[in-house]
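# Summary of the model geometry
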Amino acid sequence: MRRSAAHWIRSALAALFFIITLPALSQQPMTFDKEPLIIQTASGKRLNFIVEIADTNEQRQRGLMYRKEMPEDAGMIFDFGVSRRVQMWMENTILPLDMLFVDSTGTIRNIKQNAVPYSQDIIDSMTEVKYVIELNAGVTAKLGIQPGDKVMSATTTKKR
């Protein structure tokens, strides 16, 4: 069966439409619930943040991608539901970030400072964690947040 030139043009235009619009659609804002989060440092400081909650597969896959700014006292908590080794990356993430890898007791186990925007390098938790908290790059160093510090929020204190 022969196809007309008009058919091929329509097919090419449809393909072009999807090539152009799908990336734009993926950048549409996603809604996240928010909650207060406190980091209690070993030195006794209580640091207050408001974090968005990523607790579904879709939300965890999107994370902070495409965000151009975030207040200094803001962040995102990724709740994986169970403790496991976690791997993150910065693809499509414009903001440089600090990543805090947190176990089921709310203890920070590891920190990746200054994750590079747009990088496809894997950032590994190196141990089993239940949560990852992303903050603006430099916040952990500025505020003295270290492994061993405790994280408290409604997400981290709900029934484990």
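Just so you know, the residues in each chain are numbered from 1, in the order the chain's sequence is written. Where totals are concerned, whole chains, interfaces and linings use all residues; where local detail is concerned, this predicted model gives features only for residues with pLDDT of at least 70, and gives and counts side-chain atom pairs only at 80 or more. Only hydrogens and water are set aside when side-chain values are computed; all heavy atoms of the structure are taken into account.

Turning to the sheet that holds strand β4 (residues 97–102), a few remarks are in order. Adjacent strands of a sheet form backbone hydrogen bonds with each other and so pair up, either parallel or antiparallel. The strand order across the open sheet built from seven strands is β5-β4-β6-β3-β2-β1-β7, with neighbouring strands paired in mixed fashion. If you trace the sheet from one side to the other, it starts and ends with β5 (108–115) and β7 (150–153), each paired once. Taken over all neighbouring pairs, the strand axes of this sheet differ in orientation by 35° on average, direction set aside. Following DSSP output, two strands are said to pair if at least two bridges run between them. Each helix is a run of DSSP H or I of at least 4 residues and each strand a run of E of at least 2, with the numbering of both proceeding from the N terminus. Both β4 and strand β6 (residues 123–136) contribute to a ladder of six bridges, which runs antiparallel. Residue Leu-97 lies in a different strand from β6, and its bridge partner there is Asn-136. Angles here are taken between N-to-C directions and fall from 0 to 180 degrees, while the axes themselves are lines fitted to C-alpha atoms, restricted in helices to the stretch in contact.

The subject of this paragraph is the nonpolar core. By convention a nonpolar core is built from buried Ala, Val, Leu, Ile, Met, Phe, Trp, Tyr and Cys residues, the set being connected through side-chain atoms within 4.5 Å. Relative accessibility thresholds used throughout: buried, under 20% of the residue-type maximum; exposed, over 50%; partly exposed, between the two (1.4 Å probe, protein chains only). The biggest cluster of nonpolar side chains holds 19 residues, and the ones touching the most others in it are Phe-78, Met-88, Met-99, Phe-101 and Val-132. Elements with a minimum of two residues in this core: β3 (74–88), β4 and β6. Only heavy atoms enter the contact rule, under which two residues are in contact if any of them lie within 4.5 Å. In this view, Phe-101 contacts Met-88, Thr-107, Ile-108, Arg-109, Asn-110, Lys-112, Ile-123, Asp-124, Ser-125, Val-129, Tyr-131 and Val-132; residues no more than four positions away in its chain are not counted. Residues Ile-133, Leu-135, Val-139 and Ile-145 belong to the second largest nonpolar core, which totals 17 residues.

The subject of this paragraph is the pattern of salt bridges. By salt bridge we mean one thing: a side-chain nitrogen of Lys or Arg within 4 Å of a carboxyl oxygen of Asp or Glu. Taken as a whole and assessed by the stated rule, the structure comprises four salt bridges. Here Glu-52 makes a salt bridge to Arg-67, at a shortest N to O gap of 2.7 Å. Placement of Glu-52 in strand β2 (residues 46–54) and of Arg-67 in the loop between α2 (57–62) and β3 is noted, with a sequence separation of 15 residues between them. A relative accessible area of 11% places Glu-52 in the buried class. Since its relative accessible area comes to 21%, Arg-67 is described here as partly exposed. The salt bridge involving Asp-103 is made with Arg-109; its shortest N-O contact spans 3.9 Å. The class of Arg-109 is partly exposed, set by a relative accessible area of 46%.

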